[in-house]
Amino acid sequence: MDVATQKLRNFVVVAEELNFSRAAARLFVTQQALSKQLRDLEDAVGTRLLERTTRSMALTSAGEAFLDAVRESLAVLDAGVAAARSTGQGLSGTIRLGFVIGGALELTTPILAEFAARHPDIKVELRESGFDDPSGGLSDGRSDVALIRLPVATPDLEWLPLFVEPLVAVLPPDHPLAVRAVVTPADIIGEPLTVGRTADTAWRRYWTLDEYRGGRPPAVVRESTSHTEEMQVVAAGLACSVTAVGARRYMPHAGVRFVPLAGVTGSALVVAWRRGHRKGAVERFVNVAQEVRDRERGIVAAIEDPEA
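Residues numbered from 1 in each chain as written. Predicted model: local features only at pLDDT ≥ 70, side-chain atom pairs only at ≥ 80, totals over all residues. Heavy atoms only, no water.

With an unreviewed UniProt entry as reference, the protein is termed LysR family transcriptional regulator, source organism Catenulispora subtropica.

(A) Just the overall build of the protein, in detail. Scanning the protein from terminus to terminus reveals 11 helices and 12 strands. Relative to the globule expectation of 19 Å for 308 residues, the C-alpha radius of gyration of the protein, 32 Å, shows a markedly less compact shape. C-alpha extents for the protein along the principal axes are approximately 105 × 35 × 30 Å. Looking at the protein as a whole, 43% of its 308 residues are labelled buried. Within the protein, contacts between residues separated by at least 24 positions form 74% of all contacts whose residues are at least 6 apart in sequence. Placing the 35 positive and 39 negative side-chain charges of the protein at their respective mean positions leaves the two points 4 Å apart. (Helix = DSSP H or I, 4+ residues; strand = E, 2+ residues; numbered from the N terminus. Rg over C-alpha atoms; globule rule 2.2 N^0.38 Å. Buried < 20%, exposed > 50% of the residue type's maximum accessible area, 1.4 Å probe, protein only. Contact = heavy atoms within 4.5 Å. Lys, Arg positive; Asp, Glu negative; His and termini not counted. Charge placed at Lys NZ, Arg CZ, Asp CG, Glu CD.)

(B) Representation of the nonpolar core. One finds Ile 148, Leu 171, Val 183, Ile 188, Trp 207, Val 242 and Leu 261 to be the most contacted residues of the largest nonpolar core, which totals 29 residues. Going through the elements one at a time, β5 (145-149), β7 (167-171), β8 (193-196), α7 (201-207) and β12 (267-274) are the ones with two or more residues in this core. When neighbours within four sequence positions are excluded, Trp 207 is seen to be in contact with Arg 149, Leu 167, Val 195, Val 242, Thr 243, Ala 244 and Ser 267. Leu 107, Leu 160, Leu 269 and Val 271 belong to the second-largest nonpolar core, a separate cluster that totals 26 residues. (Core = buried A, V, L, I, M, F, W, Y, C linked by side-chain atoms within 4.5 Å.)

(C) Region of interest: the layout of surface pockets. The space that makes up the largest pocket amounts to roughly 390 Å³. As for the largest pocket, its lining consists of 26 residues, of which Ile 101, Phe 131, Arg 149, Trp 203 and Thr 243 are closest to the centre. Of all elements in the fold, only β8, α7, α8 (227-235) and β10 (241-244) reach the threshold of two or more residues within the lining of the largest pocket. The element best represented in the lining of the largest pocket is β10, accounting for four residues. Class assignment of the residues belonging to the lining of the largest pocket gives a composition of 12 nonpolar, 11 polar and three charged. What the second largest pocket holds in volume is close to 160 Å³. If you trace the second largest pocket, you find 11 residues lining it, with Asp 144, His 277, Lys 279, Ala 281 and Val 282 closest to the centre. Mapped by element, the contributors of at least two residues to the lining of the second largest pocket are β3 (93-99) and α10 (281-295). Examining the composition of the lining of the second largest pocket, we find that three residues originate from one element, β3, more than from any other. (1 Å grid on protein atoms, 1.4 Å probe; cavity = no way out; pocket = protein on both sides within 12 Å on 5 of 7 lines; lining within 4 Å. Points joined across faces, edges and corners; volume = space filled by probe spheres on them. Nonpolar A, V, L, I, M, F, W, Y, C, P; charged D, E, K, R; others polar.)

(D) Layout of the sheet that holds β7. Ordered in space as β10-β7-β11, the three strands form an open sheet in which the pairing is antiparallel. Every interior strand has two partners, whereas the edge strands, β10 and β11 (257-260), have only one. Going across the sheet, the axis of each strand differs from the next one's by a mean of 35°, ignoring polarity. As defined by bridge partners, β7 adjoins β10 across four bridges and the pair is classed as antiparallel. From the neighbouring strand, Ala 169 faces β10, where its bridge partner is Val 242. Its contacts with the sheet place α8 against β7, β10 and β11, and it is angled at close to 55° to β7. (Pairing = 2+ DSSP bridges. Axes fitted to C-alpha atoms, helices over the stretch in contact; angles between N-to-C directions.)

(E) Looking closely at the packing of aromatic side chains. All told, the structure shown has five aromatic pairs when counted by the stated rule. Note on Phe 131 and Trp 203: the rings are 5.7 Å apart at their centroids and 45° apart in plane angle, and the pair reads as tilted. Within this pair, whereas Phe 131 is found in the loop between β4 (122-128) and β5, its partner Trp 203 is found in helix α7, the two being separated by 72 residues in sequence. The exposure classification of Phe 131 matches that of Trp 203, with both residues buried. Through a chain of ring-to-ring contacts, three or more aromatic side chains come together here, namely Phe 131, Trp 203, Tyr 206 and Trp 207. (Phe/Tyr/Trp six-rings, centres within 6.5 Å; stacked < 30°, edge-to-face > 60°.)

(F) Inspection of the pairing of β12 at higher detail. Within β12, seven of the eight residues are buried, which leaves the element mostly enclosed by the surrounding structure. Pairing of β5 with β12, which is carried by four bridges, proceeds in the antiparallel orientation. Looking at the pairing, Arg 149 lines up with Leu 269 of β12. Inspection of the sheet shows strand β6 (residues 157-165) paired to β12 by eight bridges, in the antiparallel sense. Among the inter-strand pairings, Val 164 is bridged to a residue of β12, identified as Ala 268.

(G) Fine view of the pattern of salt bridges. Scanning the entire structure with this criterion turns up 25 salt bridges. Between Glu 16 and Arg 26 there is a salt bridge whose closest N-O contact spans 3.2 Å. Of this pair, Glu 16 sits in helix α1 (residues 5-17) while Arg 26 sits in helix α2 (residues 20-27), and the two are 10 residues apart along the sequence. Look at Glu 16 and you get partly exposed, because its relative accessible area is 39%. By relative accessible area, Arg 26 is classed as partly exposed at 43%. For the salt bridge of Glu 114 with Arg 118, the shortest nitrogen-to-oxygen distance reads 2.7 Å. Note that Glu 114 and Arg 118 are positioned in helix α5 (residues 108-118) at a spacing of four residues, about one turn of the helix. When salt bridges with common partners are traced through the structure, they connect Glu 16, Glu 17, Arg 22, Arg 26 and Arg 71 into a single cluster. (Salt bridge = Lys/Arg side-chain N within 4 Å of Asp/Glu carboxyl O.)

What follows is the structure, given as structure tokens:
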């Protein structure tokens with residue numbers, strides 16, 4: 001049976017009013033049009049739904065059973081339409097948030113808390129990526145939006161900067177440079193380095209200080225699969241490392257020394273998404289991240305200048 005939902009809604013109003021004149025007024029249609037729609041509906045159902053006389057109107061037993069079913073069906077349909085619109089507009093559903101180690105540091109919690117408070121019907125799935133994927137899952141579509149560190153070689157990404165973090169050299173405790181108050185790229189580029197194992201050449205070049213080498217490759221590069229492994233390589237005296245200063249707070253290690261690295265471009269932490277995909281829930285997440293960044297100026301300042 002193919003019945004337009006408007007005929008069903010009109011039937012509900014007629015059943016509530018039991019009067020064509022009042023029902024027609026509520027529906028903004030003529031009595032004649034409403035009467036014809038009701039006859040068409042009865043023909044489609046195959047039975048009389050209303051007993052009509054010149055003076056009164058009443059539901060038949062079939063009409064009463066049909067009314068209950070119609071109300072339930074319309075409620076389910078309306079709920080489905082509302083859910084579809086909400087999901088399509090990014091007001092509900094799920095957003096997959098990728099992030100690399102450390103996320104957005106101290107900004108992570110206020111961003112997630114604000115997003116949950118503002119959009120309680122959008123579920124956030126957190127997906128951490130290791131050194132093998134600096135794009136935080138954006139490169140292969142595992143994430144809708146991500147907290148990542150630039151640079152990455154993944155094409156067609158757009159981003160909103162959250163902060164720029166100073167770098168530190170990570171040294172074995174008995175290394176001659178470990179007693180320094182500060183080191184420079186010139187001090188480090190001749191040392192063996194450990195870097196995350198990844199095919200992303202832009203990311204590798206940044207963390208091996210490629211732009212300060214004058215075209216000369218690193219003497220030795222030991223690849224690692226995780227930050228923990230990287231710290232163990234340094235603690236064992238096998239290599240040095242370059243990382244963001246937040247590692248001192250979030251991933252301290254008793255067997256290494258973190259020494260500020262001066263004269264280098266800091267690590268830019270951004271919220272990123274694929275070009276053309278800033279819409280719906282992604283748009284809402286980016287907007288929240290931007291508002292929290294602008295509101296939490298003290299947190300951003302402490303991240304960008306932890307020595308202040």
